[in-house]
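Fold and geometry: a report
The primary structure of each chain is shown beneath.
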Amino acid sequence: MKKLLFSALILSGAFFIGSCTDESVEKKEVVAEEFDKERFYSQIRTVPFYISKAYRVVGQDTINVLADSLKVLYRDAVYVTFQASGGSGEIGYVHYYAGSAWTNPPFAPPAKAFSTEMKFSRPTNMTFNWDDTKKTVVVTSSGSDNAFRLVPPGKSAYLDTSRFHYKYDFEAAKAGADQSMTWIYDDYTIVMKPMYVFYKHPDETLFSRGIVVF
């Protein structure tokens, strides 16, 4: 499994670049609006996030990036975190946890559960900061990263504040409430959802711990 995971991470280094299919997903308009940066920084913390959708718009076509099975394998093994201990006044860092799908989880589909080691997260070459000009959060890639790449080297993705629906609420997520947030760079759109820690057997050790996304 470790060898498979390593191969998936390396081969998918350019996660949002390259081969896409013609499968379409719903296209949404982006509308700029005022955004409370303190809300983002206070809520986001080090919560792991799952990439639920990724698509690009080319002319009149909207192309599903996740139609590629290798990209799905990669997506199901890497969970993004945003770490900014100093709040919105400082540069934050994008990290990730690695894991694998948990078979027979105690949640009905479409929920997806994964096992992961959450003692520490792994760094990437990406940072994020508040942009006063754009009035939103911007993630910037400073170089090549063999393990994980949300955006390619030299590119920046911005948080679409009109589609920031995130609130860390397990029961609301389980009931189907939209808790996603959306990032955009060039013609790509990336939608993320928060992941919640659960215990398959609460009386056991941390090895029975997993994370779930609804």
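Residues numbered from 1 in each chain as written. Predicted model: local features only at pLDDT ≥ 70, side-chain atom pairs only at ≥ 80, totals over all residues. Heavy atoms only, no water.

1. Quick look at the environment of T161
As for its position among the elements, T161 is in the loop between β8 (156-159) and α4 (170-174). In this structure the C-alpha to C-alpha distance between T161 and F40, which are 121 residues apart in sequence, comes to 9.8 Å. (Helix = DSSP H or I, 4+ residues; strand = E, 2+ residues; numbered from the N terminus.)

2. Examining the side chain of R75
Mapped onto the secondary structure, R75 falls in helix α3 (residues 69-75). Exposure remark for R75: the relative accessible area of 6% places this residue in the buried category. A distance of 2.8 Å separates the side chain of R75 from the side chain of D76, its partner in a polar contact. (Buried < 20%, exposed > 50% of the residue type's maximum accessible area, 1.4 Å probe, protein only. Polar contact = N/O pair within 3.5 Å; in protein donor to acceptor, adjacent residues only side chain to side chain.)

3. Observations regarding the confidence of the model for the protein chain
The predicted coordinates should not be examined in detail at positions where pLDDT is low. Confidence in the prediction for the protein chain averages 80 pLDDT; 78% of positions are at 70 or higher. Mean pLDDT values over the elements of the protein chain span from 36, in helix α1 (residues 2-11), up to 95, in strand β10 (residues 188-194). Predicted confidence is poor over residues 1-25, with pLDDT under 50, and the contacts of this stretch with residues over four places away or in other chains come to 52 contacts. Taken together, the stretch residues 27-33 has pLDDT below 50 and engages in 13 contacts with residues farther than four places along the chain or on a different chain. (pLDDT = per-residue confidence, 0-100. Contact = heavy atoms within 4.5 Å.)

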